[in-house]
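Notes for the structure review
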Amino acid sequence: EIIQFKKCEINHVKINNLKDHPGLIIDNNSNVTANELIISNVSKTLLKCTNRSFLKLTNSNFSNSKSNAIHVSDQSCIDIFKSTFSDIKSSCIYIECSKCQIDSNDFKNIGKNGIEIESTENFEIKDNKFEKIKNCAILISEKSRGVIDKNIIFNTENVAFLAAIA
């Protein structure tokens, strides 16, 4: 768990086989840059970023979770680049009341939504590839505003994209 770090860098870290805890928690105004993380086989959320924290994530791999791969909330900010997400049972990336840039990632075998955005007024989702998504590749709801551009979506079981007003 990373709490109140003004500047933290994480490189080449593997986290797996956890049962009762998230793989990595970034909390309480932390500022983290992470490269080449591998987080897998975690029954809870693989990575959680909350409480006004910032995370820049690149070249990472997230797989095999019964919960979300990434959960971002409480006015946090996350940039996700060139990462892979596979075999996630819930919504893969869930963003609530936070900013995000999700660019050039691969999503495959997702049990609910690829990316779910709620009450987020500044998001950008571009150049991602979605394959075998159970519900929606991209779900936008409740007071959200942003840009979705140049994503490839195929083999979804439901709709590719849904914008809903609650």
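Check the entry above for the structure.
Right, let's get into the overall build of the protein chain. Along its length, the protein chain carries zero helices and 20 strands. Against the globule reference of 15 Å for 166 residues, the protein chain gives a C-alpha radius of gyration of 14 Å, in line with a compact fold. If one aligns the C-alpha atoms of the protein chain with their principal axes, the spans along those axes are about 40 × 30 × 25 Å. With 166 residues in all, the protein chain has 46% of them scored as buried. The long-range share in the protein chain, meaning contacts at least 24 apart out of those at least 6 apart in sequence, stands at 33%. For the protein chain, the accessible area works out to roughly 8300 Å², and carbon and sulfur atoms hold 45% of it. For the protein chain, the distance from the average site of its 21 positive side-chain charges to the average site of its 20 negative ones is 3 Å.

Further remarks concern the environment of T58. Structurally, T58 is set in strand 6 (residues 54-58). For T58, the side chain forms a polar contact with the side chain of N35, separated by 2.8 Å.

A few words on the pattern of salt bridges. Tallied over the entire structure, the rule returns four salt bridges. One salt bridge connects K134 with E157, and the closest N-O pair in it is separated by 3.2 Å. Remark: E157 occurs in the loop between strand 19 (152-154) and strand 20 (161-164) and K134 occurs in the loop between strand 16 (129-133) and strand 17 (138-141); sequence separation between them is 23 residues. When its relative accessible area of 45% is taken as the criterion, K134 is described as partly exposed. A single salt-bridge network, built from bridges that share partners, covers D103, E124 and K126.

Another point: the pairing of strand 12 (residues 99-103). In this structure, strand 9 (residues 77-81) lies alongside strand 12, joined through five bridges in parallel fashion. Across the sheet, the residue bridging to I80 is I102, located in strand 12.

This paragraph deals with the nonpolar core. Counting 40 residues, the largest nonpolar core has I70, I93 and F107 as the members making the most contacts within it. No other element matches the five residues that strand 4 (residues 31-42) contributes to this core. Beyond its immediate sequence surroundings of up to four residues, I93 is in contact with I70, I80, F85, I102, F107, G114, I115 and E116.

Before going further, it helps to examine the side chain of S91. Mapped onto the secondary structure, S91 falls in the loop between strand 10 (84-88) and strand 11 (93-96). Residue S91 is classed as buried on the basis of its relative accessible area of 1%. Among the polar contacts listed, one links the side chain of S91 to the side chain of N113, at a separation of 3.3 Å. For S91, the side chain forms a polar contact with the side chain of E116, separated by 2.8 Å.

Once that is clear, we can look at unusual backbone geometry. Even without being glycine, D127 reaches a positive phi, approximately 55°. As for its placement among the helices and strands, D127 is situated in the loop between strand 15 (123-126) and strand 16. Take D127: its relative accessible area is 37%, and that puts it in the partly exposed class. Even without a glycine there, the phi angle at K132 is positive, about 55°. Given a relative accessible area of 42%, K132 falls into the partly exposed group.

What counts and what doesn't
Residues numbered from 1 in each chain as written. Predicted model: local features only at pLDDT ≥ 70, side-chain atom pairs only at ≥ 80, totals over all residues. Heavy atoms only, no water. Helix = DSSP H or I, 4+ residues; strand = E, 2+ residues; numbered from the N terminus. Rg over C-alpha atoms; globule rule 2.2 N^0.38 Å. Buried < 20%, exposed > 50% of the residue type's maximum accessible area, 1.4 Å probe, protein only. Contact = heavy atoms within 4.5 Å. Areas by Shrake-Rupley, 256 points an atom, 1.4 Å probe, with all protein chains shown as cover. Lys, Arg positive; Asp, Glu negative; His and termini not counted. Charge placed at Lys NZ, Arg CZ, Asp CG, Glu CD. Polar contact = N/O pair within 3.5 Å; in protein donor to acceptor, adjacent residues only side chain to side chain. Salt bridge = Lys/Arg side-chain N within 4 Å of Asp/Glu carboxyl O. Pairing = 2+ DSSP bridges. Core = buried A, V, L, I, M, F, W, Y, C linked by side-chain atoms within 4.5 Å.

Purely spatial values, then, with no claim about function.
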